[in-house]
Amino acid sequence: MKVLVAVKRVVDYNVKVRPKSDGSGADLANVKMAINPFCEIAVEEAVRLKEKGVATEVIAVSVGDKSCQEQIRTALALGADRGIQVEAEGDLQPLAIAKLLKAVYDKEQPQLVILGKQSIDGDNNQTGQMLAALAGIGQGAFASELEFEGDSIKVTREVDTGLQTLEIKLPAVVTADLRLNEPRYASLPNIMKAKKKPLDVLNPADLGVETASKVKLVKVAPPAERQAGIIVETVEALVDKLKNEAKVI
Ligand code: AMP
């Protein structure tokens, strides 16, 4: 079984991002970039499937400019077999990404596509769902456990009412939630080996995909500064403040 894993290059989750002074976007100059944490979990799951003998090949795909090859190499160091970069400049909308991933899906014909549930920069939580719709296949979003049974996959999802288990016929799209697994660290020998693994570069035009956006980013602004808290002496004083100052009760 071939598994395709989508990995996105994002600002490292430890970095405090600041907007540019003109509000046109986040200031990414000299900022540490990394593989999106949910994509790292997706890669880990695909690699575990290969180690269990369920998957035969794991392909890591990323859409972006040349710099996203760094994240593809990280996925290769974590255990993916080969990589695909789909060349794209600028910040593409989830629909464009999903269309490009659909073209790669058609080309590679994987039985399973694993994505992160969400990218931590855009917080879109759309790409996996759109890809499943475009490909006309089933989806298990926010997976916390996967289990294979013949030509189906059982996906456990944490929902408000408890744990929901879906059975989805393959091929399928799964998006990885936080508790699906704990990703490994890439060892130095594996980082070295990853440099020699194959990495193909595809162009949106070759894939026949139009990526023009219908959405325009208007402004990026920092959130309002949090006010310092106060300690109230009595419950009556608290109720008074909630009623007359905060006006929330
Ligand atoms: P989003 O819909 O932007 O929150 O992203 C959800 C998931 O879609 C990510 O965790 C990735 O697995 C995948 N994805 C989003 N953007 C890209 C990209 N540029 N390249 C590869 N995969 C992506």
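Notes on the structure in this doc start here.

What counts, and where the lines are drawn
Residues numbered from 1 in each chain as written. Predicted model: local features only at pLDDT ≥ 70, side-chain atom pairs only at ≥ 80, totals over all residues. Heavy atoms only, no water. Helix = DSSP H or I, 4+ residues; strand = E, 2+ residues; numbered from the N terminus. Buried < 20%, exposed > 50% of the residue type's maximum accessible area, 1.4 Å probe, protein only. Contact = heavy atoms within 4.5 Å. Areas by Shrake-Rupley, 256 points an atom, 1.4 Å probe, with all protein chains shown as cover. Lys, Arg positive; Asp, Glu negative; His and termini not counted. Charge placed at Lys NZ, Arg CZ, Asp CG, Glu CD. Salt bridge = Lys/Arg side-chain N within 4 Å of Asp/Glu carboxyl O. Near = heavy atom within 4 Å. Polar contact = N/O pair within 3.5 Å; in protein donor to acceptor, adjacent residues only side chain to side chain. Pairing = 2+ DSSP bridges. Axes fitted to C-alpha atoms, helices over the stretch in contact; angles between N-to-C directions.

This part takes up the overall build of the protein chain. When helices and strands are tallied, the protein chain shows six helices and eleven strands. For the protein chain, the C-alpha atoms occupy an extent of roughly 65 × 45 × 40 Å along the three principal directions. Among the 249 residues that make up the protein chain, the fraction classed as buried is 40%. Long-range pairs, those at least 24 residues apart, make up 69% of the contacts in the protein chain with a sequence separation of at least 6. Of the roughly 14,600 Å² of accessible surface on the protein chain, a fraction of 51% belongs to carbon and sulfur atoms. Of the side-chain charges in the protein chain, 33 are positive and 35 negative, and the distance between the mean point of each set is 3 Å.

Throughout the structure, instances matching the rule amount to 16 salt bridges. Here Lys-8 makes a salt bridge to Asp-121, at a shortest N to O gap of 3.0 Å. Taken together, the positions of Lys-8 in the loop between strand S1 (2-6) and strand S2 (9-11) and Asp-121 in the loop between strand S6 (112-116) and helix H4 (127-135) put the pair 113 residues apart, joining distant regions of the chain. A relative accessible area of 41% places Asp-121 in the partly exposed class. For Glu-51, the salt bridge goes to Arg-184, with nearest N and O atoms at 2.7 Å.

The immediate surroundings of the ligand are formed by 17 residues, with Ala-6, Ser-119, Asn-125, Gln-126 and Thr-127 found nearest. Within the contact set of the ligand, a nitrogen atom lies 3.5 Å away from a backbone nitrogen or oxygen of Val-7. A distance of 2.7 Å is found between an oxygen atom of the ligand and a side-chain nitrogen or oxygen belonging to Thr-127. Burial of the ligand by the protein amounts to 97% of the accessible area it has alone, namely 480 Å². Residue assignment for the shell around the ligand shows that the elements contributing at least two residues are strand S4 (57-64) and S6. Per-element accounting of the shell around the ligand gives the leading share, three residues, to S4.

In this section: the side chain of Gln-85. With respect to the secondary-structure elements, Gln-85 resides in strand S5 (residues 82-87). Within the structure, the side chain of Gln-85 is placed 2.9 Å from the backbone oxygen of Gly-64, a separation counted as a polar contact. Among the polar contacts listed, one links the side chain of Gln-85 to the backbone oxygen of Asp-65, at a separation of 3.3 Å.

All right, on to the sheet that holds S5 then. Overall, mixed pairing links the nine strands, which are arranged S9-S8-S7-S10-S6-S1-S4-S5-S11 in an open sheet. The open sheet has two edge strands with one neighbour each: strand S9 (162-169) and strand S11 (199-202). Each strand of the sheet is rotated relative to its neighbour by a mean of 35°, with strand direction disregarded. Here five bridges tie S6 to strand S10 (residues 172-176), and the two strands are oriented parallel to one another. For Gly-116, the partnering residue across the bridge sits in S10 and is Ala-176.

The next subject is the pairing of S1. Of all five residues making up S1, four are buried, and the element is well covered by its neighbours. The sheet contact formed by S1 and S6 spans three bridges and is parallel. Bridge pairing in S6 places Val-5 opposite Ile-114.

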